[in-house]
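# Fold and contact review
Here is how the chains run, residue by residue.
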Amino acid sequence: MTNKFRTLDDVDVKGKRVLLRVDLNVPMDNGRVSDATRLERVAPTITEISDKGGKVILLAHFGRPKGRDPKESLKPVAEALSKVVNRPVAFADDCVGEPAATAVAALKDGDILCLENTRFHKEEEKNDPAFVAELAKLGDIWVNDAFSAAHRAHATTEGLGHKLPAYAGRTMQAELVALEKALGSPTKPVIAIIGGAKVSTKIDLLENLVTKVDALVIGGGMANTFLHAQGVGIGKSLAEKDLAATAIRIMEKAEAANCAIILPVDATVAYHFAANAPSHAYGLDAIPADGMILDVGPQSIARVHAAIDDAATLVWNGPLGAFEMQPFDRGTVAAAKHAAERTKAKKLISIAGGGDTVAALNQAHVAGQFTYVSTAGGAFLEWMEGKPLPGVEVLRTK
C-alpha cells in the first residue's frame, strides 16, 4: 500500500523548507486546548522532519471563520503544540504575505513555525490558484499529514500537491496503511459493524460495504428502519420509515453480493428516552406498541460476538444503541470489549473510526486495544463509501 504513495522515506528534508499540512482543529475551553489528541497524533511527523534538519512550516485551519477572527487564531494552539513536541514553535500572524515570508526566512534547520489559520483567507476553501502559488513560495516540498481534511480539495490539503513535490506524513501514512488493511486488500473474512441513528446519512456507505464485506452488522436507530421494512412492529422507536424501500434495496444488493446482513433478533426496550429508564429485553415479535428500542438485546449481542469470532478483519463505524445513556450502552460496550479481546489474541484486525465510534470505544476503555482507530470523521466515512479523497489522490506515485 505505502509504495503507492510518496512518503517521508522518499525524500531528504535536510535544509529544505517543508510545508506540513496538519490537523490542529482541537477543542478549546477558555482559550486553552482541552484535548491534545490531535496534537499528539501529528507530533511524530513534526519531530522527525525537525530532527532530520528540515525547516518545519505548519499549515492548518481552525474552526470555520468568516475572515480574520482573533477567536479562531492558531496562536494558543501553537503554544500547546510546543509543549507536546517539547521544543519551541514560532508563530506568524498570517499564512501568506510579508509576515509569513519574514518568519520563514528567519528559520534555521530543524526550527518549527506555525502559520496563522489558513481559513482566514476565503481562497483556501476555494483552492484558488493564486493563493496556492503564494503559499508555494514559502516551501520547497509539501507534506500532507491531515487525513481528516483529505476529503476536501482546498489549497493546503490538495492544491499545493500540484505545485510542489508532495509526500504523506507519518499520520497520513499510518491511516492509509490501516485503511488498506480494512477494505483495500483485507484478510478475509471481513465483517463491518455499522450503527448510528440514521440510514439516510449512510446509504452510500452501506451500498459500498455490501459489495466489499462478508457480513454486515446493522445496529442503532438504523436497524429499526430495516426491521420496519421487514414488517417488524417497532413501537415508538426512532426509525426512518420512508426509507423502507431503500433498506430492502440494500438487503437485496447484499444478497446478490453474498454478504450476510445481521440485524437484531431481540431488543432492549424502554418507555422514556432517559438514562436509567426502566427497560426490558423483548423478542422482535413482542415489542410493545408504546415502547422504544434503545439497544440490542442479549441474544443479539451473542450473535454479534459470534460474527466477530468468524471474522479476520473488522471495520466499525457507529454504536449499536443509545450508548450515551446507561444501561443502553451495554450492547456497544460488550461488542467493543469482545473485538478488543480478539485483537489482543491476534485473531482479529480491528479498524474503527467516526466521532461517536471513538467516544463509544473510549467509554468501553478499549480504544487503545484496537488495531487502528481513526480520528478522521468525514474523511473516514467518505473513504468507506468508496469515494476518492482529493488530498490522498494527489500523493499517489505517478
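Numbers given for residues are sequential positions, taken from 1 along each chain in its written order. Local features in this predicted model are restricted to residues whose pLDDT is 70 or higher, and side-chain atom pairs enter the listing and the counts only when it is 80 or higher, whereas totals over whole chains, interfaces and linings include all residues. Side-chain measures here rest on the full set of heavy atoms in the structure, leaving out hydrogens and waters.

Rule in force here: UniProt positions are given in the numbering used here, feature names are shortened, and annotations may be inferred rather than shown by experiment.
In the nomenclature of an unreviewed UniProt entry, the chain corresponds to Phosphoglycerate kinase from the organism Bradyrhizobium japonicum. Of the comments in the UniProt record for the chain, the one headed Pathway (unreviewed entry) reads "Carbohydrate degradation; glycolysis; pyruvate from D-glyceraldehyde 3-phosphate: step 2/5."

### A look at the packing of aromatic side chains
Formally: Here a pair means two rings of Phe, Tyr or Trp (six-membered ring of Trp) with centres within 6.5 Å. Their orientation is stacked below 30 degrees between planes, edge-to-face above 60, and tilted elsewhere. Counting from the N terminus, the helices are the DSSP runs of H or I reaching at least four residues and the strands are the DSSP runs of E reaching at least two. Classification of residues uses two cut-offs on accessible area relative to the type maximum, computed with a 1.4 Å probe and protein chains only: under 20% is buried, over 50% is exposed, and between them is partly exposed.
Scanning all chains against the criterion turns up one aromatic pair. Seen from their ring centres, Trp 316 and Phe 370 are 6.3 Å apart, and the 55 degrees between their planes marks the pair as tilted. Here Phe 370 lies in the loop between α12 (355-363) and β17 (372-374) and Trp 316 lies in strand β15 (residues 313-317), a separation of 54 residues in the sequence. Of the two residues, Trp 316 and Phe 370, neither departs from the other in class, the shared state being buried.

### Re empty space enclosed by the protein
Put simply, the rule reads: For each structure, a 1 Å grid was placed over the protein atoms alone; sets of points admitting a 1.4 Å probe that cannot get out are labelled cavities, open sets with protein on both sides within 12 Å along at least five of seven lines are labelled pockets, and lining residues have an atom within 4 Å of a point. Grid points are joined across faces, edges and corners, and a volume is the space filled by probe spheres set on the points. Residue polarity is assigned by list, with Asp, Glu, Lys and Arg as charged and Ala, Val, Leu, Ile, Met, Phe, Trp, Tyr, Cys and Pro as nonpolar; anything else, Gly included, falls into the polar class.
All chains considered together, the criterion is met by two cavities of 30 Å³ or more. Considered as a void within the structure, the largest cavity measures approximately 120 Å³ in volume. Contributing to the lining of the largest cavity are Asp 23, Arg 38, Arg 41, Val 42, Asp 145, Ala 146, Phe 147, Ser 148, Thr 171, Glu 175, Thr 375 and Ala 376. Sorting the residues of the lining of the largest cavity by element identifies α1 (37-51) and α6 (170-184) as the ones contributing at least two each. Partitioning the lining of the largest cavity into residue classes produces four nonpolar, three polar and five charged. Taken as a whole, the second largest cavity encloses approximately 50 Å³ of empty space. In terms of lining residues, the second largest cavity is bounded by Val 217, Ile 218, Gly 219, Ile 262, Leu 263, Pro 264, Val 296, Ser 300, Arg 303, Val 304 and Leu 320. If you list the elements that add at least two residues to the lining of the second largest cavity, you get β10 (215-218) and α10 (298-310). Considering each element in turn, the lining of the second largest cavity owes the most residues, three residues, to α10. Classifying every residue of the lining of the second largest cavity by side-chain character gives eight nonpolar, two polar and one charged.

### A word on the packing of helix α8 (residues 220-229) against helix α9 (residues 244-256)
Between two packed helices, the angle of one axis relative to the other and the distance separating the axes together describe the packing. Which entries qualify depends on this criterion: The angle between two axes is taken between their N-to-C directions and runs from 0 to 180 degrees, where each axis is a line fitted to C-alpha atoms and a helix contributes only its stretch in contact. Reported orientations rely on four angle classes, namely roughly parallel under 35 degrees, roughly antiparallel over 145, roughly perpendicular from 65 to 115, and oblique for the rest. Throughout, a contact is declared for two residues whenever any of their heavy atoms are within 4.5 Å.
Their axes nearest at 8 Å, the elements α8 and α9 cross at an angle of 90 degrees. The orientation of α8 relative to α9 falls into the category roughly perpendicular. Contacts between α8 and α9 involve Thr 225, Phe 226, His 228 and Ala 229 on the former and, on the latter, Ala 244, Ala 247, Ile 248, Ile 250 and Met 251. Grouping the amino acids of the contact of α8 with α9 by side-chain chemistry returns seven nonpolar, two polar and no charged.

### Some words on the UniProt feature "binding site: ATP" (unreviewed entry) in the chain
In this structure's numbering, the residues bearing the UniProt feature "binding site: ATP" (unreviewed entry) are Lys 202, Glu 324, Gly 354, Gly 355, Asp 356 and Thr 357. Turning to its location among the elements, Gly 354 is positioned in the loop between β16 (349-353) and α12. Note that Asp 356 resides in helix α12. By relative accessible area, Asp 356 is classed as partly exposed at 43%. Leaving out residues up to four positions away in the same chain, Asp 356 has contacts with Pro 319 and Phe 323.

### Describing the side chain of Asn 117
Selection criterion: Polar contacts, as counted here, are pairs of nitrogen or oxygen atoms within 3.5 Å of one another; within protein the pair requires one atom able to donate a hydrogen and one able to accept it, and residues that are adjacent in sequence qualify only if both atoms are side-chain atoms.
With respect to the helices, strands and loops of the structure, Asn 117 is situated in the loop between β6 (112-115) and α4 (123-126). A polar atom in the side chain of Asn 117 sits 3.0 Å from the backbone oxygen of Glu 72. If we ignore the near neighbours within four places in the chain, the residues touching Asn 117 are Ala 60, His 61, Phe 62, Pro 65, Glu 72, Leu 74 and Cys 95.

### Let's talk about the pattern of salt bridges
Definition in use: A side-chain nitrogen of Lys or Arg and a carboxyl oxygen of Asp or Glu constitute a salt bridge if their distance falls within 4 Å.
Overall, the coordinates contain 19 salt bridges when judged by the stated rule. In this structure, Lys 122 engages Glu 123 in a salt bridge whose closest nitrogen and oxygen atoms are separated by 4.0 Å. The exposure class of Lys 122 is exposed, given its relative accessible area of 57%. Assessed through its relative accessible area of 24%, Glu 123 is described here as partly exposed. What you see here is one network of salt bridges that share partners, running through Asp 9, Glu 48, Lys 52 and Arg 170.

### A closer look at the UniProt feature "binding site: (2R)-3-phosphoglycerate" (unreviewed entry) in the chain
Under the UniProt annotation, the feature "binding site: (2R)-3-phosphoglycerate" (unreviewed entry) is placed at Arg 38, Arg 119 and Arg 152. Of the annotated positions mentioned, Arg 38 line the largest cavity. Note on placement: Arg 119 falls in the loop between β6 and α4. Residue classification places Arg 119 among the buried positions, given a relative accessible area of 9%. Setting aside chain neighbours within four positions, we find Arg 119 in contact with His 61, Gly 63, Arg 64, Pro 65, Glu 124, Glu 125 and His 154. A distance of 3.3 Å separates the side chain of Arg 119 from the backbone oxygen of Gly 63, its partner in a polar contact. Its place among the elements puts Arg 152 in the loop between β7 (141-144) and β8 (166-168). Excluding anything up to four places from it in sequence, Arg 152 contacts Thr 157, Glu 158 and Pro 390.

### Looking at the sheet that holds β10
As a reminder of what qualifies: The pairing criterion for strands is at least two bridges between them, as found by DSSP.
Read across the open sheet, the six strands follow the order β11-β10-β9-β15-β16-β17; overall the sheet is parallel. Among the strands making up the open sheet, the edge pair consists of β11 (260-262) and β17. Direction aside, the axes of adjacent strands within the sheet are offset by 15 degrees on average.

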